Amino acid sequence: MSGTGGGGEGTAAVETVSSAGVDARVGAGIDYSLFLDCVHCGLCTAACPTYLETGNENDGPRGRIYLMRGVVDGRVELTSKVRRHLDLCLDCRSCETACPSGVQYGRLIEPFRVDMQKSERPGWFQRLVLYGLFPYPGRLRWALAPARLMQRLGLDRVLDWTGLPRLLPGPLGRMYRLLPRLGPRGGRLPEVFPAEGQRRARVGLFSGCVGEAMFSETNLATARVLQANGCEVVVPRGQGCCGAIHYHSGSSDPAVAMARQNVDAFPDDLDAVIVNVAGCGSMLKDYGHMGQETAGVEDSVIESLARFAGGVKDVSEFLAELGLRDPTGEVPWRATYHDACHLVHAQKVRDAPRELLARVPGLELVPLPESEVCCGAAGSYNLTEPEMADALVARKLAHIEITGADVVITGNAGCSMQLQAALRELDRGVRVVHPVEVLDRSYRGGAKRISRR
């Protein structure tokens, strides 16, 4: 492959075939004009985390588009080597931010992967954990109960000292390593939080699955901050997982079913559906596209999914548009802000979190170098691609260290787990929090100064 702006190997490692076989038809349902939007300028390569690590053209957006288009055209065989380059993509969408031609990379890689993985039988981890556990907060809370008890009694430190967790096979060992400090198990959120003062909006709160099971305090903080800003907050009981775990791993039909469940769960008279997890927010906003990209979905269903998606707002995005009521409590922290990929690149929400945090008395916000480069979490990527995930989080931690921050602020549960685990292993004593938790502390009177150990 030729073009300017790329480096590394420069030529796609592909095999040419004389005619389109079964594999070559993968991706045939994608709107072909989306491939043609790419002019192969290569400006995306400098923004791509996997290309930055490997220097291989095939591991950058331009190379992957070339590979996918070649498969669709029947010029490229979908070999295990080609699949590997596509599997290594984080789907962070940083290339979309960098692209001057407006290439919708997510509209290419996501349906292509769905099509590509239809011929593959999910492994045990995917079936039992990613599909059978993570999307269900009730099951996940029960599964986490022993870990929560061990942390409370300090037995997890004893277990770490023995080295036994290192004996856990593959992704199970990674799951143990990534497990955050779990707070006391809270009860279900009330179905309605009344607005404080004059009501300015009526919103729904998307509580999620992993976020609800592991970061329920963030959901509670979100509801309180919205209340403090004059919002009546509705928390529908019938909502469920956003569907991202299934869709991004190639299982589109269950993802659409989850999307329809969420559409039915939220009332029609809301001013917005609020989400505080960047990955979930990106998925919710893409419901219409997902419906279009999934075979057999009726037009009426696609319309309802798209209509729902149009009302979804990240909590920072919504509060910035609504107009934040001044937080008054001092939060004397030296902090830095990490841009979650699916907030800054997929949702294009960049300035709002920083604008809100700038309103918090006492908070010192230090710029983070390469803030928009992925930390390696990327949903379940840090479980399935450990080497690349570890390389990216090491790069991120080096930049965090430069800032001298005592707190890292980020708007995504996956980023939080990834960063917490890496910081814990290095014993840095740096805390990771969500932007709404900072606002919540300020509205509730402030916080104590944090110093590294």
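Placed above this text is the structure.
Just so it is clear, the model here is predicted, and its values are computed rather than measured.

Colleague: How would you sum up the pairing of strand 3 (residues 231-234)? Please name residues and give values.
Modeller: In strand 3, alternate side chains face the same way, and those of C231 and V233 on one face and E232 and V234 on the other are all buried. Pairing of strand 2 (residues 201-205) with strand 3, which is carried by four bridges, proceeds in the parallel orientation. Following the sheet pairing, V203 is matched in strand 3 by V233.

Colleague: Explain the nonpolar core to me, and be specific about the residues and the numbers.
Modeller: Formed by 52 residues in total, the largest nonpolar core has its most connected members in V203, L226, W333, I409 and V438. Residues in contact with L226, not counting those within four places in the same chain, are V203, C231, V233, I274, V315, F318 and L319.

Colleague: I'd love a proper account of the pattern of salt bridges, names of residues and values included.
Modeller: Applying the stated criterion across every chain yields a total of 26 salt bridges. For the salt bridge of D59 with R64, the shortest nitrogen-to-oxygen distance reads 4.0 Å. Of the two residues, D59 and R64, both sit in the buried class. Two residues, D326 and R359, come together in a salt bridge whose shortest N-O distance is 2.4 Å.

Colleague: Explain unusual backbone geometry to me, using residue names and the numbers behind them.
Modeller: In the Ramachandran plot, H40 falls in the positive-phi region, its phi being about 60° despite a non-glycine side chain. By the secondary structure assignment, H40 is in the loop between helix 1 (33-36) and helix 2 (49-54). According to the relative accessible area criterion, H40 is partly exposed, its value standing at 22%. Of note, the phi angle at K348 is positive, near 60°, even though the residue is not glycine. Along the chain, the position of K348 falls in the loop between helix 19 (341-344) and helix 20 (351-357).

Colleague: An account of the sheet that holds strand 3 is requested, with residue identities and associated values reported.
Modeller: Each strand in a sheet pairs with its neighbour through backbone hydrogen bonds, running either in the same direction (parallel) or in the opposite one (antiparallel). If you trace the five strands from one edge of the open sheet to the other, you get 1-3-2-4-5, paired in mixed fashion. Edge positions in the sheet fall to strand 1 (192-193) and strand 5 (312-314), since each of these pairs with one other strand and no more. Where strand 1 meets strand 3, two bridges bridge the pair, whose relative direction is antiparallel. The residue bridging V192 from the neighbouring strand is V234, located in strand 3. Each of strand 2, strand 3, strand 4 (272-275) and strand 5 touches helix 18 (residues 315-322); the most contacted strand, strand 5, lies at about 90° to it.

Colleague: Kindly report on the layout of surface pockets, identifying the contributing residues and their values.
Modeller: Roughly 340 Å³ of internal volume is contained in the second largest pocket. The set of elements that each furnish at least two residues to the lining of the second largest pocket consists of helix 8 (137-153) and helix 14 (252-265). Looking at the lining of the second largest pocket residue by residue, the classes come out as eight nonpolar, five polar and four charged.

Colleague: Quick one: what's the story with empty space enclosed by the protein, residue by residue and with numbers?
Modeller: If you walk through the whole model with that rule in mind, you get four cavities of 30 Å³ or more. By volume, the largest cavity is sized at about 140 Å³. Residue lining of the largest cavity: 17 residues in total, with C38, C44, I65, C99 and V103 positioned closest to the centre. Sorting the residues of the lining of the largest cavity by element identifies helix 3 (61-73) and helix 5 (94-98) as the ones contributing at least two each.

Colleague: Before we move on, can you summarise the packing of helix 3 against helix 4 (residues 80-87) with the specific residues and values?
Modeller: Contact geometry for helix 3 and helix 4: axes closest at 10 Å, N-to-C directions at 135°. Put simply, helix 3 runs oblique to helix 4. Like other packed secondary-structure pairs, helix 3 and helix 4 cross with a definite hand, here left-handed. Residue-level contacts link R64, L67 and M68 of helix 3 to V82, H85 and L86 of helix 4. Within the contact of helix 3 with helix 4, the residues separate by chemical class into four nonpolar, one polar and one charged.

Criteria and thresholds
Here the residue numbering is sequential within each chain, running from 1 through the sequence in written order. Thresholds applied to this predicted model are a pLDDT of at least 70 for local features of residues and 80 or more for the giving and counting of side-chain atom pairs; totals over whole chains, interfaces and linings are not thresholded and use all residues. Only hydrogens and water are removed before side-chain values are computed, so all heavy atoms of the structure are retained for them. For each residue, the accessible area found with a 1.4 Å probe, counting protein chains only, is set against the maximum for its type, and the residue is called buried under 20%, exposed over 50%, and partly exposed in between. Numbering goes from the N terminus for both helices and strands, where a helix is a DSSP run of H or I of at least four residues and a strand is a run of E of at least two. A pair of strands counts as paired when DSSP detects no fewer than two bridges linking them. Joining through side-chain atoms within 4.5 Å is the link that ties buried Ala, Val, Leu, Ile, Met, Phe, Trp, Tyr and Cys residues into a set, and such a set is a nonpolar core. Contacts between residues were defined by any pair of non-hydrogen atoms, one from each residue, lying within 4.5 Å. Here, a salt bridge means any side-chain nitrogen of Lys or Arg that lies within 4 Å of a carboxyl oxygen of Asp or Glu. To obtain each axis, a line is fitted to C-alpha atoms, and for helices this fit is confined to the stretch in contact; angles are then taken between N-to-C directions over 0 to 180 degrees. With a 1 Å grid laid over protein atoms only, a set of points is called a cavity when a 1.4 Å probe fits there but cannot get out and a pocket when it is open yet has protein on both sides within 12 Å along at least five of seven lines; lining residues have an atom within 4 Å of a point. Grid points are joined across faces, edges and corners, and a volume is the space filled by probe spheres set on the points. Think of it as three bins: nonpolar holds Ala, Val, Leu, Ile, Met, Phe, Trp, Tyr, Cys and Pro, charged holds Asp, Glu, Lys and Arg, and polar takes everything else, Gly as well. Relative orientations are named as follows: roughly parallel for angles under 35 degrees, roughly antiparallel for angles over 145 degrees, roughly perpendicular for angles from 65 to 115 degrees, and oblique for any other angle. Crossings are sorted by hand: turned counterclockwise from the far helix by less than a right angle, the near helix makes the crossing left-handed, and turned clockwise it makes it right-handed.

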